Amino acid sequence: NSFVTRTNTCGELRSAHVGQKVTLYGWVQYQRQGLFLVLRDFQGLTQVIIPQDEAHSHVKELLSSAPLESVLRVTGTVSPRPLGQENPKMPTGDIEVKAETAEILNSCKKLPFEIKDFIKKSEALRMQYRYLDLRSSRLQSSLRLRSRLVMRMREYLCNLHGFVDVETPTLFKRTPGGAKEFLVPSREAGKFYSLPQSPQQFKQLLMVGGLDRYFQVARCYRDEGSRPDRQPEFTQIDIEMSFVDQAGIQRLVEGLLQHSWPEERGSIMTPFPSMTYEEALAEYGTDKPDTRFGMKIVDISDVLRGSNIHFLQNAFSHPHGSIRAICIPQGVRYLTNKDLESLKESAKSQFDQEIMEIICRPDGSLKSLLTKFLGEKEQSELIQALNMQEDDVVLLAAGEHKQVCSALGALRLLSANLLEAAGLALRDPTAFHFLWVVDFPLFLPKAENPTELESAHHPFTAPHPSDASLLYSDPTKVRSQHYDLVLNGNEVGGGSIRIHSAEQQRFVLEKVLKEDSEVLSHLIEALEFGAPPHGGIALGLDRLISLIVDAPSIRDVIAFPKSFRGRDLMGNAPDYVTPEELEPYHIQVSWPLEEKEAKKN
């Protein structure tokens, strides 16, 4: 209550305050028949008794007629609630304030929706009136937790470990590779700034400048269009260190999260487990495994290698062919035939992968189109390899290794959703399973042209020391010093040890990625002036907070988010500007025909 004219907040009064005269400010949450109202502020609720005597008739009239969500000042005396009328669900439920004077500071007009967490409202309406949505206890709680966590992170990095908080520019130039960047016009004809997708180049240049340890709560920008649960502007906890290796960065981040972790969410254990990219793909079908539940992918190639089933034998014609499966526990009991068909259809449409199902009957025998082609020995080995129990359902895929694993990994997650929707508790919503994924490939084939390579992380990532020589002879086989931090199946951080040799950086850009290194000439030149070995990481703050508070979307932990299509529905941005405003930037808008007609009308 420092610096303000209230004596107390609406959430702090207790029995110890009985008899005190208090002044409260807040919003009208609820009013009942002119007898009492509930006043709300950021900290909680207080019940205010409306006076019924003639001497305070003006106060009664004012409080009884105040519309919901109007802002009031109330002065009165704290009293105990009558016996039997206490509310144990309210922290202030043992007391009430008997109003003596009151003032409506601002009356509220008719609301577009009720300010209550349990009231269903469309996301578009919530974003249009975001300043009203911010009054909800859910959003208030998430934003305050976010603030506390960031403060603890600053404390850990700056006060305990000597990091320097440096702000880097948001107007820069295009970075080759990676996500698409927003362009900002300049007054020089044909020249544009780019909004950086991360402070990557600047933090490396700070290491060249000898700062040794940098961090920033960084605003980042990506023009990724309509991607679900992504934002065109987002926040990273950005970190870079000199003279560090991968293990050092991992220890730092584990300590950072342990120090800043909200007490009410329990404790987290360190060190976090680690898994290679190849292990993650083979066992979970993804580079961001959710390790809260089993249903791992099992390689059954050796069990079925001798079968004469064309569907299975065809798999071994691929250079990296395999037969793999997942076992869905109690699948017969919890999944319908429609569910199983939708799973198979999903694998076909998304991955072009055929799926065969196998059901374990109560007598231990197997039911499948495959079983009549399999001998008793093969069936027994299959049951043992997959640890099949009564009523389990197995989904089997055969083909190229990566395609098979990716399809089964997606089906594993879809199956888990279906099982939980049917009532089987599979993933503990209060559990937080962190995991490091390491040894990623340095390069991947481009989706649109597999004969060309692109960086799996970004072009500044250093090759694994054991694979450094392969960079010049067979770059497709090079592992990187790139590491991702995964939480409950979501990537919440990514980083790497960087290339600190100008010669190696130029080779990667020009010879491997076929990029114009001139765009990065400033960085390459900096590496020639005694650049130290360095590395870092960026933690996605929005994603991390949304997982901690179990929010359905990252939009629920950002004060003023953009919509699914990247629009600000409250301020109606982006918006049109006049030709006169564009003139200094040497830009003319070429309107599509239908928009020309719409503007005329």
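None of the values given here were measured: they were computed from a predicted structure. (Residues numbered from 1 in each chain as written. Predicted model: local features only at pLDDT ≥ 70, side-chain atom pairs only at ≥ 80, totals over all residues. Heavy atoms only, no water.)

### Things to note about the domain arrangement of the chain
Phase 1 of the analysis: By domain assignment, the chain separates into domain 1 (15-106), domain 2 (140-275 + 434-556) and domain 3 (293-422).
Phase 2 of the analysis: One C-alpha centre belongs to domain 2, the other to domain 3; they are set 37 Å apart. (Domains from an automatic or database assignment.)

### Let's talk about the environment of Ile-524
Phase 1 of the analysis: With respect to the helices, strands and loops of the structure, Ile-524 is situated in helix α16 (residues 521-527).
Phase 2 of the analysis: Separated by 309 residues in sequence, Ile-524 and Phe-215 have C-alpha atoms that sit 22 Å apart.
Phase 3 of the analysis: Among all residues touching Ile-524, those that are not within four sequence positions of it are Ala-502, Gln-505, Arg-506, Leu-509 and Ser-517. (Helix = DSSP H or I, 4+ residues; strand = E, 2+ residues; numbered from the N terminus. Contact = heavy atoms within 4.5 Å.)

### Quick notes on the pairing of strand β2 (residues 36-40)
Phase 1 of the analysis: Counting buried positions along β2 gives 5 out of 5 residues, so the element sits mostly inside the fold.
Phase 2 of the analysis: Alternating positions in β2 separate into two faces, Phe-36, Val-38 and Arg-40 on one and Leu-37 and Leu-39 on the other, with burial throughout.
Phase 3 of the analysis: Relative to β2, strand β1 (residues 21-32) runs antiparallel, the two being bridged by 5 bridges. Considered in β2, the bridge of Trp-27 is made with Arg-40.
Phase 4 of the analysis: Adjacent in sequence and paired antiparallel, β1 and β2 are bridged by 3 residues, among which Gln-33 carries a positive phi angle near 50°.
Phase 5 of the analysis: In the sheet, β2 pairs with strand β3 (residues 45-49) via 5 bridges, with the strands oriented antiparallel. Within β3, the position partnered with Leu-39 by the bridge is Thr-46. (Buried < 20%, exposed > 50% of the residue type's maximum accessible area, 1.4 Å probe, protein only. Pairing = 2+ DSSP bridges.)

### Here we look at the packing of aromatic side chains
Phase 1 of the analysis: The final tally for this structure, using the stated rule, is 10 aromatic pairs.
Phase 2 of the analysis: Considering the side-chain rings of Tyr-129 and Tyr-131, the 6.2 Å spacing of their centres and the 80° angle between planes classify their relative orientation as edge-to-face.
Phase 3 of the analysis: Taking the centre distance of 5.3 Å and the plane angle of 40° together, the rings of Tyr-277 and Phe-440 count as tilted. Of this pair, Tyr-277 sits in helix α7 (residues 277-284) while Phe-440 is found in the loop between β17 (434-438) and β18 (443-445), placing the two residues 163 residues apart along the sequence.
Phase 4 of the analysis: A cation over a ring is seen here: Arg-412 above Phe-293, with NZ or CZ 3.8 Å from the ring centre.
Phase 5 of the analysis: Its end group placed over the ring of Phe-293, Arg-427 keeps NZ or CZ at 5.5 Å from the ring centre. (Phe/Tyr/Trp six-rings, centres within 6.5 Å; stacked < 30°, edge-to-face > 60°. Lys NZ or Arg CZ within 6 Å of the ring centre and 35° of its normal.)

### Concerning unusual backbone geometry
Phase 1 of the analysis: Going from Thr-270 to Pro-271, the amide bond is cis rather than trans, its omega being 0°.
Phase 2 of the analysis: Assignment of secondary structure puts Pro-271 in the loop between α6 (246-260) and β11 (274-276).
Phase 3 of the analysis: Across the junction of Ala-573 and Pro-574, the peptide omega takes the value 0°, indicating a cis bond.
Phase 4 of the analysis: Summarising the element assignment, Pro-574 is placed in the loop between α17 (541-548) and α18 (579-582).
Phase 5 of the analysis: Non-glycine residue Gln-33 carries a positive phi angle of around 50°.
Phase 6 of the analysis: Mapping Gln-33 onto the fold places it in the loop between β1 and β2.

### Observations regarding the pattern of salt bridges
Where charged atoms from two side chains of opposite charge approach closely, those side chains can pair.
Phase 1 of the analysis: One pass over the structure, following the stated rule, counts 39 salt bridges.
Phase 2 of the analysis: Between Glu-240 and Lys-203 there is a salt bridge, with its nearest N and O atoms 3.6 Å apart. Pair noted here: Glu-240 is in strand β10 (residues 233-242) and Lys-203 is in helix α5 (residues 200-208), with a separation of 37 residues, a long-range link.
Phase 3 of the analysis: Accessibility expressed as a relative area gives 0% for Glu-240, which makes it buried.
Phase 4 of the analysis: When the shortest N-O distance is used, the salt bridge between Arg-427 and Asp-290 registers 4.0 Å. Placement of Arg-427 in the loop between α13 (401-421) and β17 and of Asp-290 in the loop between α7 and β12 (298-299) is noted, with a sequence separation of 137 residues between them. Across this residue pair, the class does not change: Arg-427 and Asp-290 are buried.
Phase 5 of the analysis: The structure contains a network of salt bridges with shared partners spanning Arg-126, Arg-130, Asp-133, Arg-138 and Asp-556. (Salt bridge = Lys/Arg side-chain N within 4 Å of Asp/Glu carboxyl O.)

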